[in-house]
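What follows is the residue order along each chain.
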Amino acid sequence: MSSAEWEHLDLLAEVDALMADLDAWADDGPPWPPARAGRALVTRLRERVDTLRVRWQAPLVVATFGGTGAGKSALINALVGEEVAITGRQRPTTRMPVLICRPEITPQMLGMAPETVEVVHRHSEALADLVLLDCPDPDTSESEEPAPESAAGNLARLRELLPHCDVLLVVSTQQKYRSACVEQELAAAAAGARLVFVQTHADVDDDIRADWRDVLADQYQSGEMFFVDSLAGLADARAGVPPRGDFGRLVDLLTQSLAGAAAKRIRRVNFLELAGGTLDACAARIDVALPTVEQLEGALTEQRQQLATRLASTAREELTNSRRAWEDRLLGEVASRWGLSPFAGLLRAYQGLGSLLGGAALARIRSPMQMAIWGAAAGGRALARQRRERIAAGDTARAVSRSWDPAELRTAAIILQGYAGEVGLPREEASMARLEAEAESAGEAFVASTARQLQEVISREARRHTGWFPRLRYELLFGVMLVAILFRLGKNFFYDSWLAEFIDPNWTGAAAEIFGWDFFVHAAFWLVAWSALLLWLFSMRLRRGLRRAVTEVSAAWKRDLPGGGLFSGLEDRCRAIRDHRQRLESLIERVRSLRRKIAEPEPRLGHRTADPPVGQGSP
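Residues numbered from 1 in each chain as written. Predicted model: local features only at pLDDT ≥ 70, side-chain atom pairs only at ≥ 80, totals over all residues. Heavy atoms only, no water.

## Considering the overall build of the protein chain
Here is step 1 of the chain: A count of helical and extended segments in the protein chain gives 19 helices and 9 strands.
Here is step 2 of the chain: Across the 619 residues of the protein chain, 46% fall into the buried class.
Here is step 3 of the chain: By sequence separation, contacts in the protein chain at least 24 residues apart represent 79% of the contacts at least 6 residues apart. (Helix = DSSP H or I, 4+ residues; strand = E, 2+ residues; numbered from the N terminus. Buried < 20%, exposed > 50% of the residue type's maximum accessible area, 1.4 Å probe, protein only. Contact = heavy atoms within 4.5 Å.)

## What about the packing of aromatic side chains?
Here is step 1 of the chain: Scanning the model with the defined rule gives 6 aromatic pairs in all.
Here is step 2 of the chain: Ring geometry for Phe197 versus Tyr220: centroids 6.3 Å apart, planes at 75 degrees, classification edge-to-face. Of this pair, Phe197 sits in strand E6 (residues 194-199) while Tyr220 sits in strand E7 (residues 220-221), and the two are 23 residues apart along the sequence. For the pair formed by Phe197 and Tyr220, the shared burial category is buried.
Here is step 3 of the chain: Aromatic ring contacts, followed pair by pair, group Phe197, Trp212 and Tyr220 into a single cluster. (Phe/Tyr/Trp six-rings, centres within 6.5 Å; stacked < 30°, edge-to-face > 60°.)

## A few points about the pairing of strand E4 (residues 130-134)
Here is step 1 of the chain: Of all the 5 residues making up E4, 5 are buried; the element is thus mostly covered by neighbouring parts of the structure.
Here is step 2 of the chain: Side chains Leu130, Leu132 and Asp134 of E4 all project onto a buried face; the interleaved residues Val131 and Leu133 project onto the opposite face, where all are buried too.
Here is step 3 of the chain: By the bridge criterion, 5 bridges tie strand E1 (residues 60-65) to E4 in an arrangement that is parallel. If you follow Leu60 over to E4, its bridge partner there is Leu130. (Pairing = 2+ DSSP bridges.)

## Thoughts on the sheet that holds E4
Here is step 1 of the chain: What the 7 strands build is an open sheet, ordered E3-E2-E4-E1-E5-E6-E8; its pairing is mixed. The sheet is open, and its two edges are formed by strand E3 (118-121) and strand E8 (225-227), each paired on a single side. When strand polarity is set aside, the average angle formed by the axes of neighbouring strands in this sheet is 25 degrees.
Here is step 2 of the chain: Relative to strand E5 (residues 167-172), E1 runs parallel, the two being bridged by 4 bridges. If you follow Phe65 over to E5, its bridge partner there is Val170.
Here is step 3 of the chain: Most of the contacts of helix H6 (residues 209-216) go to E8, to which it runs at about 150 degrees, and overall it touches E5, E6 and E8. (Axes fitted to C-alpha atoms, helices over the stretch in contact; angles between N-to-C directions.)

## Things to note about the pairing of E6
Here is step 1 of the chain: E6 sits mainly inside the fold: 6 of its 6 residues count as buried.
Here is step 2 of the chain: Side chains Arg194, Val196 and Val198 project from E6 onto one buried face, and the interleaved Leu195, Phe197 and Gln199 project onto a second face that is buried too.
Here is step 3 of the chain: Alignment of E5 against E6, held across 6 bridges, turns out to be parallel. Its bridge partner lying in E6, Leu168 is registered against Leu195.
Here is step 4 of the chain: Bridging between E6 and E8 involves 3 bridges; their strand directions are parallel. Note that in E8 the partner of Gln199 across the bridge is Phe227.

## Description of a nonpolar patch on the surface
Here is step 1 of the chain: There is a patch of nonpolar side chains on the surface, built from Phe493, Phe494, Tyr495, Ile503 and Ile514 and spanning about 500 Å² of accessible area.
Here is step 2 of the chain: By secondary structure assignment, the location of Phe493 is in helix H17 (residues 468-503). (Patch = residues over 30% accessible without salt bridge, like charges linked within 9 Å, V, L, I, M, F, W, Y side chains within 5 Å. Areas by Shrake-Rupley, 256 points an atom, 1.4 Å probe, with all protein chains shown as cover. Salt bridge = Lys/Arg side-chain N within 4 Å of Asp/Glu carboxyl O.)

## Side note on the confidence of the model for the protein chain
Detailed reading of the predicted coordinates is not advisable wherever pLDDT is low.
Here is step 1 of the chain: Chain-level statistics for the protein chain give a pLDDT mean of 79 and a share of 79% at 70 or above.
Here is step 2 of the chain: Per-element mean pLDDT across the protein chain ranges from 46 in helix H13 (residues 368-393) up to 95 in E8.
Here is step 3 of the chain: Contacts from residues 365-384, a stretch scored under 50 in pLDDT, to residues over four places away or in other chains number 11 contacts.
Here is step 4 of the chain: The low-confidence segment residues 612-619 (pLDDT under 50) makes 16 contacts with residues lying over four places distant or belonging to another chain. (pLDDT = per-residue confidence, 0-100.)

## Here's the deal with the side chain of Ser73
Here is step 1 of the chain: Its location among the elements puts Ser73 in helix H3 (residues 72-80).
Here is step 2 of the chain: The exposure class of Ser73 is buried, given its relative accessible area of 6%.
Here is step 3 of the chain: A distance of 2.6 Å separates the side chain of Ser73 from the side chain of Asp134, its partner in a polar contact. (Polar contact = N/O pair within 3.5 Å; in protein donor to acceptor, adjacent residues only side chain to side chain.)

## Comments concerning the packing of H3 against helix H7 (residues 230-238)
Here is step 1 of the chain: The contact between H3 and H7 brings their axes to 8 Å, and the two run at 25 degrees. As judged from the angle between their axes, H3 and H7 are roughly parallel. Crossing geometry of H3 relative to H7 is assigned as left-handed. Residues Ala74, Leu75, Asn77 and Ala78 of H3 pack against Ser230, Gly233 and Leu234 of H7.
Here is step 2 of the chain: Per-class residue counts for the contact of H3 with H7 are 4 nonpolar, 3 polar and no charged. (Parallel < 35°, antiparallel > 145°, perpendicular 65-115°, else oblique. Left-handed = near helix turned anticlockwise from the far one by under 90°. Nonpolar A, V, L, I, M, F, W, Y, C, P; charged D, E, K, R; others polar.)

## Thoughts on unusual backbone geometry
Here is step 1 of the chain: Although it is not a glycine, His201 adopts a positive phi angle of roughly 60 degrees.
Here is step 2 of the chain: In this fold, His201 is placed in the loop between E6 and H6.
Here is step 3 of the chain: By relative accessible area, which is 27% here, His201 ends up partly exposed.

## Side note on the packing of H3 against helix H8 (residues 245-257)
Here is step 1 of the chain: Where H3 meets H8, the axes come as close as 11 Å, and the angle between the chain directions of the two elements is 75 degrees. When the axis of H3 is compared with that of H8, the two are roughly perpendicular. The segment H3 lies against H8, with Leu75, Ala78 and Leu79 engaging Phe247, Leu250, Val251 and Leu254.
Here is step 2 of the chain: Partitioned by chemical class, the residues of the contact of H3 with H8 number 7 nonpolar, no polar and no charged.

## Observations regarding the pattern of salt bridges
Here is step 1 of the chain: Applying the stated criterion to the full structure yields 32 salt bridges.
Here is step 2 of the chain: Arg575 serves as the salt-bridge partner of Glu571, at 3.8 Å between the closest nitrogen and oxygen. Remark: Arg575 and Glu571 occur in helix H19 (residues 568-597); sequence separation between them is 4 residues, near one turn of the helix.
Here is step 3 of the chain: Its relative accessible area of 27% is what places Glu571 among the partly exposed residues.
Here is step 4 of the chain: Residues joined in a network through salt bridges with shared partners are Asp207, Arg209, Glu224, Asp246 and Arg249.

## Describing H6
Here is step 1 of the chain: Where H6 is concerned, the buried positions are Arg209, Trp212 and Leu216. Down the axis of H6, the buried set is contained in an arc of 60 degrees. They therefore lie on one face. Facing away from the buried side of H6, by more than 90 degrees, are the exposed residues Ala210 and Asp214. (Arc of directions from axis to C-beta.)

## Examining the side chain of His607
Here is step 1 of the chain: Its location among the elements puts His607 in strand E9 (residues 607-608).
Here is step 2 of the chain: For His607, a relative accessible area of 14% translates into the label buried.
Here is step 3 of the chain: Ignoring anything within four residues of it in the chain, the contact list for His607 reads Arg194, Leu195, Gln219, Tyr220, Gln221, Glu273 and Glu600.

If you want it as structure tokens, here you go:
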């Protein structure tokens, strides 16, 4: 395979890969007016690329572009060396475009419909590597045109043909170079084409190229500008005289410098600049609309902060009201971690005190009425315990959902619907029904997150309070009382009552009496009092640590307000718009990088350097 074929395949692969990414970017765009406009621009770019693919291997299409009477047809005749296009002095300016090419070239090879052009075949050295297209005038008054049945007006025909052109000969005169109509059409046509600026009528007009270059400077790199006398050039060609002066340099540019590999570079650069111009136009449309998106994002943040502050306040209230449940859970986890020991048994007994009292009451029931009363009391205690456990486990979604004030949600919905409308997003994203659903979901998520945080707090505090030192201290304090009571009982029963007289030879007294109920009552009283004191001290220790940890959790809500998932629909839309713009920026940089790698095909050619304002030019 030759190097030319490899270059051709590489070019096609480059175009296909870039267009695939552009299509993916456009198809994945959010339902947002600038994104839809970008999708339309990419579709039009695809149409241009399809015509470009058709003529990858065909000769360059060099078209004349200029106002009425600028001398386009005369320039075509001079380049070919004979009269192939009727000049304005002999025919009306409105006419069918004329395609001048070698006999083996057809309009289909150039991506043009045969009925849109009049084909003139010539064997000419000037047509060895290019074809010439004599285009209609963009500034002809359509009202003066007898509308043909098979074609629209001049301007429609011109716009239909320009996407098939590789190089535009921008022809003007001393009187026409400031034409606003021509300048507007050129701004749209210059995308994806190299430009050659030619001033005609050199035999009668002054040289205005310096001023013309200043006029073009804002949007175009003008390259070399030519000042030619087309009639003199045609006369020289008929007389066999080689082209001279500016006309000779123009002929050399078209027939020598743009031949061969230069033609492929021109098409590659044209494609990249066309793609870059399309992406820049998309970016311009998006950037114009981004401030409204930023306003919507600001409104989302403001409304979320207001509602989340209320949610955090309600959650702190719930925590405060249910602190007994959290303390009970912490006490239970400490007891379970403590294992089997006297003080751990005391903790479990303290936790089950209510159940023990209920069981004791059950043992004294003597009638069905007493059973009903006990059942009601036990049921009430069970329901209260279940309620505390539900709160402690985080099942407070209904309580939290009631913290969302319907009036506040309705106000937020009205405000966000207004901002969504300005952005161009569906107002249904901020409807009251949707906000209520999102608020409930956000409340449930927050409650679940809070439950996890508090469970972690309880586990951490339980580990902290079940270390060896706290355990040893409380076990010793509780064990001292147990040992003292048991020692007194054991000494009285075993030693004082009968062993003393057998063991002690000096014993002369009578055996002591065994302790009666008074001792057990007093012992029970002091054991209960001592246990209560230890439980109070231990509970206070747990309570202080738990309050400190819960306060830390609550303080974190002031830094990171809850409310994740609130307004998620609109937030996702805004995020999709940001991602859409970011992907576009990556594509723009990719096109620019490819463009920097390709040298300018011919420094004497001009090209557009700045995009027209949004809405004026398009691919």
